[in-house]
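If you want the building blocks of each chain, they are given just below.
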Amino acid sequence: MSHYIVLVKQVPDVTQITDNAFDPETGNLMRGKLPSVINELDAQALAFAEHMRQLDGTAGGKVIALTMGPPMAEDVLRYSLARGADEAVLLTDRSLGGADTWATANPLAYAVRKIVREMLGGADDYYVVSGMQSVDGDTAQVPAQLAEEMGLPCVAYATGVAKGSERAEFTRIISGGSQKVSPRALPAVVTVAKYEETLFAGFAATRWARQKEIIRWSADDVRPTAVGVKGSKTRVIRVFPPAKTQRKCKHVASVGEFVQLLRESLKKASAVEGANGDVATDYVLPRKRGSVMDRSFEGTSKEIASFEDLVGQLKALNIESAGAVDDEAKEKIIAASRNGAKLNQAMLDDMLKGLEAVEPSYRGDVWVVAEHDNGQVHASTFELLGKARHLADSLEVKVGVVLAGQSVAGMAGSLIAGGADNVYVIEHPLLAEFDPSAMRKSIAEVIGRHWPQIVLFAATPQGRVIAPMISYRLGCGLTADCTSLDIRDSSRKGEIAVLMQTRPALGGNVMATICTKDSKCQMATARPGVFKRLPADESRKGEIIKEEVELTEDDLSLDVIETERGTGDVNFEAEIIISGGKGLASKSNYEDILNQLTSTVAEHLDCSVERGASRAAVEQGFVERVHQVGQTGTAVGPKVYLAMAISGAIQHMIGVSNSEAIFAINNDPNAPIFKQCDYYLVGNIEEIVPELTKQLGAN
């Protein structure tokens, strides 16, 4: 008999975000203007847990919903009760507000322990089930960090479950495929990436849920070790609306015009920037600037302007250093502050102290955690290497790469050619298969020996589970799914040469710039396809450093039952990639339409062409998984990407963001992809493709 503790969260309804939801002065999102709903993946996790209970087939198993939030979060618990939960616990306390993922996972873990003691009689036969991520944060960090705090196995990206001989067997997404695994012991944490069998509430269940008493606990009741803002390892610098897309988003009225635009796009040789450009000015250390009082590398334009104003006033007063400012000069500066700035004594003191800060806040190199498969380093690792090289050069330090697995040293040379100075190789037989617990123990141990100042992970299914575990294990802040990484100062805080990490949140409707605090190392995951890899330089020299780690069978957390990866040769370096989605409806449609179109395009446009597919199309069995494009497939950057019957989920668009031109055909005039592409046709694929092939042959 197993029990199920389901983590649920009340989140803003991102479909209701408009320009009026942002503060016109600060640019910050005003959450109070948005209605609240249950996080969709948590609703799926609730249904997933109920399905697990039914599979278990024994009486007495409980489903307990747990949330942390303000008193109004009671609504999400009553939703859960109406849809199958037996009990509901609300962890609510003002002191818990403003928490990052670290200070969210920690109190939740202590609440889970209290539930087990007081509501489950100390039983260890239970699962903590959660949505993979929440739409307001999109980090996927809390469940993995909770697992690390409690020392539990973590099955991430689960899409299905079956009853095993001893424990449940889960199907989960892995990079380039799927895998069936079972936790070696219980309790365990499971994060749900997709489960579409929604639970519905009947009238009687809804009435019961409204009357059911919800258990309320405060921070003092659970006694966590990390609470709210003070217990957090990161802080938000600013929140702002995303930049307008650089894509043209042009509706094309005719197939003939669509073909002409295809031809023109193929001829263009210049590559576009990635989804977010990432073209910030190279950072210069304070001692290398013309003046140590030069603060043109602050994290926000407002701070840059404030320091320019202050330095200008110091020059007008013939004051050459911040330490020479006396009380009389301070009074003059405050009186003369312009541009509407309300400069007071405390602010001025902070700024003057900031002008005296010149030494970097962190020491050490910039590292990348490598990901690999079948003897090949993943493209995302080389992309991170390119960014790490840029960051390290600004900081005047080296680039290191951690390469862990069995018999992996042979890949070190390609990493050095890709920009690494040092490759730290961890080889062990127990690392032959990716196991989150064993991998995080090994990598964390090596990071702890050398303490780089920055560690970057790819935001892949693998990176998004081990990065939170490693960061929590080492007591370091972590920012997820970054689209921009820059070295900047926050002089008022006395922070020099820190990593400013910008990432989307609320389903991409807002952007946030985040900084690490109270940590020895700054950690981030970055989306594949965002950064550019460097051209391989086989003449580069580097050092390969062998690292020893101690691992035993007890360090493994999962039994791998079956692994499915795509097979076959795929040329994703092709000039044009034509992908089909779930909307093609069948394998025969996929094959007929894409085979016809790819052969015609190759013949009449005289270019290399490859077939791709969305994750949904692969899971429907339309094509081998090796053809999957997207965040959980392969990130691509062709001259032309043509999406056929693909809706445009963010995970797919991340993987194609480096394409020079994106074309789309869909019969839904409101398909999200139309807001993220360059040119699109609205219509029935079966009718458009024959006309496309005809037009291509006629020109």
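All figures in this text were calculated on a predicted structure; none of them were measured in a lab. (Residues numbered from 1 in each chain as written. Predicted model: local features only at pLDDT ≥ 70, side-chain atom pairs only at ≥ 80, totals over all residues. Heavy atoms only, no water.)

## What about the pairing of strand S8 (residues 169–174)?
Here's step 1: Here strand S7 (residues 154–162) pairs with S8 via four bridges, running antiparallel. Looking at the pairing, Ala162 lines up with Glu169 of S8.
Here's step 2: What sits between S7 and S8 in their antiparallel hairpin is a turn of six residues.
Here's step 3: Bridging between S8 and strand S9 (residues 177–183) involves five bridges; their strand directions are antiparallel. Residue pairing across strands places Phe170 opposite Val181, the latter belonging to S9.
Here's step 4: A loop of two residues connects S8 with S9, the two strands running antiparallel in sequence, and Gly176 in this loop sits at a positive phi of about 75°. (Pairing = 2+ DSSP bridges. Helix = DSSP H or I, 4+ residues; strand = E, 2+ residues; numbered from the N terminus.)

## A look at the packing of aromatic side chains
Aromatic ring pairs are described here by two measures, namely the spacing of the ring centres and the angle between the planes.
Here's step 1: Applying the stated criterion to the full structure yields 10 aromatic pairs.
Here's step 2: Ring plane angle 85° and centroid distance 5.3 Å describe the contact between Phe48 and Tyr195, whose orientation is recorded as edge-to-face. Taken together, the residues Phe48 in helix H1 (residues 40–56) and Tyr195 in the loop between strand S10 (188–192) and helix H5 (203–211) connect sequence positions 147 residues apart.
Here's step 3: Owing to a relative accessible area of 0%, Phe48 belongs among the buried residues under this scheme.
Here's step 4: Three or more aromatic residues joined by ring pairs form one cluster here, namely Tyr4, Phe48, Tyr127, Phe170 and Tyr195.
Here's step 5: It is Arg113 that lies over the ring of Tyr110; its NZ or CZ is 4.7 Å from the centre.
Here's step 6: The ring of Trp217 is capped by Lys114, whose NZ or CZ atom sits 5.1 Å from the centre of that ring. (Phe/Tyr/Trp six-rings, centres within 6.5 Å; stacked < 30°, edge-to-face > 60°. Buried < 20%, exposed > 50% of the residue type's maximum accessible area, 1.4 Å probe, protein only. Lys NZ or Arg CZ within 6 Å of the ring centre and 35° of its normal.)

## A few points about the pairing of strand S27 (residues 576–580)
The two faces of a sheet get side chains in turn, since along a regular strand they alternate between them.
Here's step 1: Among the five residues in S27, five count as buried, and that is most of the element.
Here's step 2: Burial along S27 is two-sided: Ile576, Ile578 and Gly580 facing one way and Ile577 and Ser579 facing the other are all buried.
Here's step 3: Here S27 runs beside strand S28 (residues 609–613); their pairing, made up of five bridges, is parallel. Note on S28: the bridge partner recorded for Ser579 is Gly612.
Here's step 4: Since S27 and S28 lie parallel, the crossover through helix H15 (residues 587–605) that links them has a hand, and here it is right-handed.
Here's step 5: Here five bridges tie S27 to strand S29 (residues 640–644), and the two strands are oriented parallel to one another. (Right-handed = clockwise from strand over helix to strand, strands pointing away.)

## A look at the domain arrangement of the protein chain
Here's step 1: As assigned here, the protein chain comprises domain 1 (3–232), domain 2 (250–268 + 570–697), domain 3 (286–356) and domain 4 (366–551).
Here's step 2: Between domain 3 and domain 4, the C-alpha centre-to-centre distance is 36 Å.
Here's step 3: Listed by partner, the interface residues are 14 residues for domain 3 and eight residues for domain 4.
Here's step 4: The junction of domain 3 with domain 4 conceals about 940 Å² of combined surface from both sides, 44% of it contributed by carbon and sulfur atoms.
Here's step 5: When the buried area of domain 3 at its contact with domain 4 is split by residue, Phe297, Glu298 and Gly299 rank highest and sum to 36% of it.
Here's step 6: Where domain 3 packs against domain 4, one counts three salt bridges.
Here's step 7: The salt bridge partner of Arg492 is Glu303, with a shortest N-O separation of 3.1 Å.
Here's step 8: Put simply, domain 3 and domain 4 have seven residue pairs in polar contact (both at pLDDT 80 or more) between them.
Here's step 9: Elements that contribute at least two residues to the side of domain 3 that touches domain 4 include exactly helix H8 (301–316) and helix H10 (345–356). (Domains from an automatic or database assignment. Contact = heavy atoms within 4.5 Å. Buried area = accessible area lost by both parts, 1.4 Å probe. Salt bridge = Lys/Arg side-chain N within 4 Å of Asp/Glu carboxyl O. Polar contact = N/O pair within 3.5 Å; in protein donor to acceptor, adjacent residues only side chain to side chain.)

## A look at the nonpolar core
Here's step 1: Leu146, Ile443 and Met523 are the most contacted members of the largest nonpolar core, which totals 69 residues.
Here's step 2: If one sorts the elements of this core by residue count, helix H3 (residues 102–119) sits on top with nine residues.
Here's step 3: Two domains share this core, each providing at least three of its residues, namely domain 1 (3–232) and domain 4 (366–551).
Here's step 4: Those residues within four positions of Ile443 in sequence are excluded, and the remaining contacts are Val369, Val402, Ala404, Ile426, Ile466 and Ile470.
Here's step 5: Counting 39 residues, the second-largest nonpolar core is a separate cluster that includes Val408, Leu485, Ile496 and Ala524. (Core = buried A, V, L, I, M, F, W, Y, C linked by side-chain atoms within 4.5 Å.)

## A look at the side chain of Thr67
Here's step 1: Structurally, Thr67 can be placed in strand S4 (residues 63–68).
Here's step 2: Given the relative accessible area of 1%, Thr67 is considered buried.
Here's step 3: Leaving out residues up to four positions away in the same chain, Thr67 has contacts with Val8, Lys9, Ala73, Val76, Leu77, Val89, Leu90 and Leu91.

## Some remarks on the pattern of salt bridges
Here's step 1: All told, the structure shown has 34 salt bridges when counted by the stated rule.
Here's step 2: The shortest N-O distance in the salt bridge between Glu359 and Arg287 comes to 2.6 Å. Taken together, the residues span a long stretch of sequence, with Glu359 in the loop between H10 and strand S14 (366–369) and Arg287 in the loop between helix H7 (255–267) and H8 at a distance of 72 residues.
Here's step 3: Two residues, Arg389 and Asp393, come together in a salt bridge whose shortest N-O distance is 3.1 Å. Placement of the pair is Arg389 and Asp393 together in helix H11 (residues 379–395), with a separation of four residues, close to one helical turn.
Here's step 4: Three or more residues are tied together by salt bridges with common partners; here these are Arg389, Asp393, Asp421 and Arg540.

## Looking at the sheet that holds strand S13 (residues 250–251)
Here's step 1: Here we have six strands laid out as an open sheet, ordered S13-S31-S30-S29-S27-S28, and parallel in their pairing. Strands with a single pairing partner mark the edges of an open sheet, and in this sheet they are S13 and S28.
Here's step 2: Most of the contacts of H15 go to S28, to which it runs at about 155°, and overall it touches S27, S28 and S29.
Here's step 3: The strands that helix H18 (residues 685–698) touches are S29, strand S30 (661–666) and strand S31 (679–682); relative to S30, the one it contacts most, it runs at about 130°. (Axes fitted to C-alpha atoms, helices over the stretch in contact; angles between N-to-C directions.)

## Thoughts on unusual backbone geometry
Here's step 1: In the segment running from Leu186 into Pro187, the intervening peptide bond is cis, with an omega of 5°.
Here's step 2: In this structure, Pro187 sits in the loop between S9 and S10.
Here's step 3: Backbone geometry at Asp481 places phi at a positive 55°, although glycine is not the residue there.
Here's step 4: Mapped onto the elements, Asp481 comes out in strand S20 (residues 477–482).
Here's step 5: Unusually for a residue other than glycine, Asp518 sits at a positive phi of about 50°.

## Considerations on the sheet that holds strand S12 (residues 234–240)
Here's step 1: Here four strands make up an open sheet; going across it, the order is S12-S23-S22-S21 and the pairing antiparallel. Either end of the sheet is taken by a strand with one partner, and the two such strands are S12 and strand S21 (484–490). The mean angle between the axes of side-by-side strands here comes to 30°, regardless of whether they run parallel or antiparallel.
Here's step 2: Direction of pairing for strand S22 (residues 495–505) relative to strand S23 (residues 510–516): antiparallel, over a ladder of five bridges.

## Digging into the packing of H7 against H18
Here's step 1: Between H7 and H18, the least distance of the axes is 9 Å, while the angle of their chain directions is 60°. In terms of orientation, H7 and H18 fall into the oblique class. Judged by the twist between their axes, the crossing of H7 over H18 is right-handed. Within the contact between the two elements, H7 uses Val255, Gly256, Phe258, Val259 and Arg263 and H18 uses Ile688, Glu691, Leu692, Gln695 and Leu696.
Here's step 2: The class makeup of the residues in the contact of H7 with H18 is six nonpolar, two polar and two charged. (Parallel < 35°, antiparallel > 145°, perpendicular 65-115°, else oblique. Left-handed = near helix turned anticlockwise from the far one by under 90°. Nonpolar A, V, L, I, M, F, W, Y, C, P; charged D, E, K, R; others polar.)

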